[in-house]
Amino acid sequence: MGAIKEPAKVKIIVGILAKSPDAVESVRATLREKFGEEDLNLAPFPFTFTNYYKEEIGEAPVRAFFSYEQLVDRTKIVDIKLWTNDIELQIAEAAGTPGLRPVNLDPGYMTLGQFFLATTKDQRQRVYMQRGIFVEPTLYFQDGHFHAFDWTYRDYQSEPYIKYLEEVRKRLAYQHATGKPYNKR
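Only a predicted model underlies this, so the values are computations on that prediction, with no experimental measurement involved. (Residues numbered from 1 in each chain as written. Predicted model: local features only at pLDDT ≥ 70, side-chain atom pairs only at ≥ 80, totals over all residues. Heavy atoms only, no water.)

(A) Representation of helix 3 (residues 77-94) within the structure. Across its 18 residues, helix 3 extends 25 Å between first and last C-alpha, which sits within 8% of the 26 Å expected from 1.5 Å per residue. Listed as buried for helix 3 are Ile 77, Val 78, Ile 80, Lys 81, Trp 83, Thr 84, Ile 87, Glu 88 and Ala 92. Contacts made by the buried residues of helix 3 are with strand 1 (10-18), helix 1 (21-35), strand 4 (103-110), strand 5 (114-119), strand 6 (127-130) and strand 7 (133-142). Looking one or two residues past helix 3, Gly 96 carries a phi angle of roughly 75°, positive in sign. (Helix = DSSP H or I, 4+ residues; strand = E, 2+ residues; numbered from the N terminus. Expected span 1.5 Å × (residues − 1). Buried < 20%, exposed > 50% of the residue type's maximum accessible area, 1.4 Å probe, protein only. Contact = heavy atoms within 4.5 Å.)

Pasting the structure below:
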C-alpha cells in the first residue's frame, strides 16, 4: 500500500475568449484580484478554431491566457469554476446580454504531468469533482512536451497554446524546486 500524502500544489491558468482585446483587459483586473500576481500571459490573438461562439462573442473573437504565481490546492478548481461562471454572468448582465456571454472564462490547472480544464459538462473522459463541476485531462507532458488526448479540443493542440503551456510548466517546475515564484528569482 502506498503512503497517503497531499499532492503538490498546482498553477491556475485562465483562458479568456472575448470579442476584443479591450474586453480581455476589462476582466483582467478582476482575475488578478482573485488570483493574485500574474505569472505569464499570452496576449490576445485571433481565435479561428471554431465559430461555435459566434452568437455570444461575435464574428472575430480573441483568445488570451493568464497564469498566476500563487500555487493552490487542486481541489480549489471547483470554487474557481463556479466563481468564473458568476463573473461571466455579471459581465453579460452589465453588457445587457443576459444569457449570452460576451466573455468566456476557461479556468484550468497544471501539474507537472498534465493540464486540466474545468467544465460543467459531463463526458466519458471527464472526472466529477463536486457541485456540478468536472475536470478534463486536456494535455499530458511526456518527453519534454505537452501532447493531446483523442478528445483534446483542436485549439489546445495548436502550437501557440502548447508553447505557452510549456513555458508555464517551466515556471511551475521552478516553483516546486525552489519554493519561489519564477518572476522573483
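Now that the structure is up, let's keep going.
(B) Broad picture of the packing of helix 1 against helix 3. Where helix 1 meets helix 3, the closest approach of the two axes is 12 Å, and the angle between their N-to-C directions is 150°. In this view, helix 1 runs roughly antiparallel relative to helix 3, as classed from their interaxial angle. Seen along the crossing, helix 1 lies across helix 3 with a hand that is right-handed. Residue-level contacts link Val 27, Thr 30, Leu 31, Lys 34 and Phe 35 of helix 1 to Ile 80, Trp 83, Ile 87 and Ile 91 of helix 3. Here the residues of the contact of helix 1 with helix 3 sort into 7 nonpolar, 1 polar and 1 charged. (Axes fitted to C-alpha atoms, helices over the stretch in contact; angles between N-to-C directions. Parallel < 35°, antiparallel > 145°, perpendicular 65-115°, else oblique. Left-handed = near helix turned anticlockwise from the far one by under 90°. Nonpolar A, V, L, I, M, F, W, Y, C, P; charged D, E, K, R; others polar.)

(C) Molecular detail of the packing of aromatic side chains. This model, assessed by the stated rule, comprises 18 aromatic pairs. Residues Phe 45 and Tyr 161 carry aromatic rings whose centres are separated by 6.0 Å and whose planes lie at 80° to one another, so their mutual orientation is edge-to-face. Note that Phe 45 is positioned in strand 2 (residues 38-46) and Tyr 161 in helix 4 (residues 159-178), a separation of 116 residues in sequence. Classification of Phe 45 as buried rests on a relative accessible area of 17%. Among the residues examined, Tyr 161 registers a relative accessible area of 0% and is labelled buried. Considering the side-chain rings of Phe 49 and Tyr 161, the 6.0 Å spacing of their centres and the 70° angle between planes classify their relative orientation as edge-to-face. You can see Phe 49 sitting in the loop between strand 2 and helix 2 (54-57) and its partner Tyr 161 sitting in helix 4, a full 112 residues away along the chain. An aromatic cluster is present here, built from Phe 45, Phe 47, Phe 49, Tyr 52, Tyr 53, Phe 65, Phe 115, Tyr 156, Tyr 161 and Tyr 164 joined pairwise through their rings. (Phe/Tyr/Trp six-rings, centres within 6.5 Å; stacked < 30°, edge-to-face > 60°.)

(D) Broad picture of the pairing of strand 3 (residues 62-72). Of all 11 residues that make up strand 3, 10 are buried, and the element is covered over most of its length. By the bridge criterion, 8 bridges tie strand 1 to strand 3 in an arrangement that is antiparallel. Looking at the pairing, Ala 18 lines up with Val 62 of strand 3. Inspection of the sheet shows strand 2 paired to strand 3 by 6 bridges, in the antiparallel sense. In the sheet register, Pro 46 faces strand 3, and the bridge partner there is Val 62. (Pairing = 2+ DSSP bridges.)

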